[in-house]
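Breakdown of the fold
Here are the chains, one letter per residue:
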Amino acid sequence: KMIKKGIILAGGHGTRMSPLTKAVNKQLLPIYDKPLIFYPLSILMLSKIKEILIIINKGQLNQYRKILPDGRNLGIKIIYKEQSYPKGLPDAFLLGEKFIGKDNVALILGDNFFYGQSLSKTLLDCVKLKKGAKVLLHKVSKPELYGLAKVKGRNKIVSIKEKPKKYFSDLAITGLYFFDKNVVKFSKQLKPSKRGELEITDLLNRYKKKQQLYADYIGRGGAWLDTGSIEDFYKTSAFVSAIENRQGFKISCIEEIALNNKWISKKNIIEAIKFYGKCQYSDYLKKLI
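For the structure given in this document, a descriptive report is provided here. Keep in mind that this is a model prediction, so the values were computed, not measured.

What about the environment of Met2?
Mapping Met2 onto the fold places it in the segment before β1 (5-9). Judged by its relative accessible area of 33%, Met2 falls in the partly exposed class. In this structure, Met2 is in contact with Leu124, Val127 and Lys128, ignoring residues within four places of it in sequence.

Structure (structure tokens):
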């Protein structure tokens, strides 16, 4: 029984990127040649997840619908839910309670970028999760800036700390999580922290107490970039541009992934080319067929 449902958390005010984010949601800004939202969406699609809930800010639904109407063009199902203001990551499970039902679910942050040679294989392993929670970890050179996990053996997480001053581990908790159906129940039991938000660390600790918190890895040569600041945003764009121009394929081309998954046909690709109009992205789609 694979995880079939995924949530993209694309709310938040993107204040660190103001004034760019005053009029446009951060996840609709470009990372090189496509909107940021395509990248987390493609990660869920590579995980063979077809039912997707995107959580967005109040008043931004029309902007999103223009670029990602309902997923039918990709052979998937996309629904939206508005969040009045950011209340922390676990709020995604409260907002998504009806969507999740009694199923297991994946959560990806809308501003995280993942790339790696064996990433698809790792993702397809992660969606096999039956019980507990699984977090994707990545080795970082400045651990003090991240939420970190200490692992015993290959993949049992024994301890988590948020930005510790003293060295604790160099494995950062990235913005991609897989949870069993208890996630809604556990999220409901959380109390807001000092900053008035529900904390993902508190949620993960619920699973850790039950000894059901597991790790997987992006691996060496893989990349995990957070696009929180303008600098990071441009670094990520440069990374995507370098790889695409050198190797001739596109990272996170959602139509290509849908076609490879056999969720859509060449007819859908032709429709996509019409939709995007004359552009480099359309030229790439033409090559696929």
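Thoughts on the layout of surface pockets
Here the largest pocket is characterised by a volume of approximately 1,700 Å³. Taken together, 47 residues line the largest pocket, and the ones lying closest to its centre are Arg16, Leu109, Asp111, Asn112 and Asp226. Of all the elements in the fold, those that place two or more residues in the lining of the largest pocket are β10 (156-162), β11 (171-179), α8 (200-209), β13 (223-226) and α9 (230-247). Counted by class, the lining of the largest pocket contains 16 nonpolar, 19 polar and 12 charged residues. Reported here for the second largest pocket is a volume of approximately 470 Å³.

Side note on the packing of aromatic side chains
Geometry of an aromatic ring pair is reported as the spacing of the ring centres plus the angle between the planes. Under the definition given, this model contains 12 aromatic pairs. Judged by centre distance (5.7 Å) and plane angle (75°), the rings of Tyr115 and Phe239 are edge-to-face. Here Phe239 lies in helix α9 and Tyr115 lies in strand β7 (residues 112-115), a separation of 124 residues in the sequence. Aromatic side chains Phe275 and Tyr276 sit 5.2 Å apart centroid to centroid with 65° between the ring planes, which places their arrangement in the edge-to-face category. Grouped by ring-pair contacts, the aromatic residues Phe93, Tyr177, Phe179, Phe186 and Tyr207 constitute a single cluster. Over the face of the ring belonging to Tyr85 we find Lys87, whose NZ or CZ atom lies 4.7 Å from the ring centre. Positioned above the aromatic ring of Tyr284 is the side chain of Lys250, whose terminal nitrogen or guanidinium carbon lies 5.6 Å from the ring centre.

Rules used in this analysis
Residues numbered from 1 in each chain as written. Predicted model: local features only at pLDDT ≥ 70, side-chain atom pairs only at ≥ 80, totals over all residues. Heavy atoms only, no water. Helix = DSSP H or I, 4+ residues; strand = E, 2+ residues; numbered from the N terminus. Buried < 20%, exposed > 50% of the residue type's maximum accessible area, 1.4 Å probe, protein only. Contact = heavy atoms within 4.5 Å. 1 Å grid on protein atoms, 1.4 Å probe; cavity = no way out; pocket = protein on both sides within 12 Å on 5 of 7 lines; lining within 4 Å. Points joined across faces, edges and corners; volume = space filled by probe spheres on them. Nonpolar A, V, L, I, M, F, W, Y, C, P; charged D, E, K, R; others polar. Phe/Tyr/Trp six-rings, centres within 6.5 Å; stacked < 30°, edge-to-face > 60°. Lys NZ or Arg CZ within 6 Å of the ring centre and 35° of its normal.

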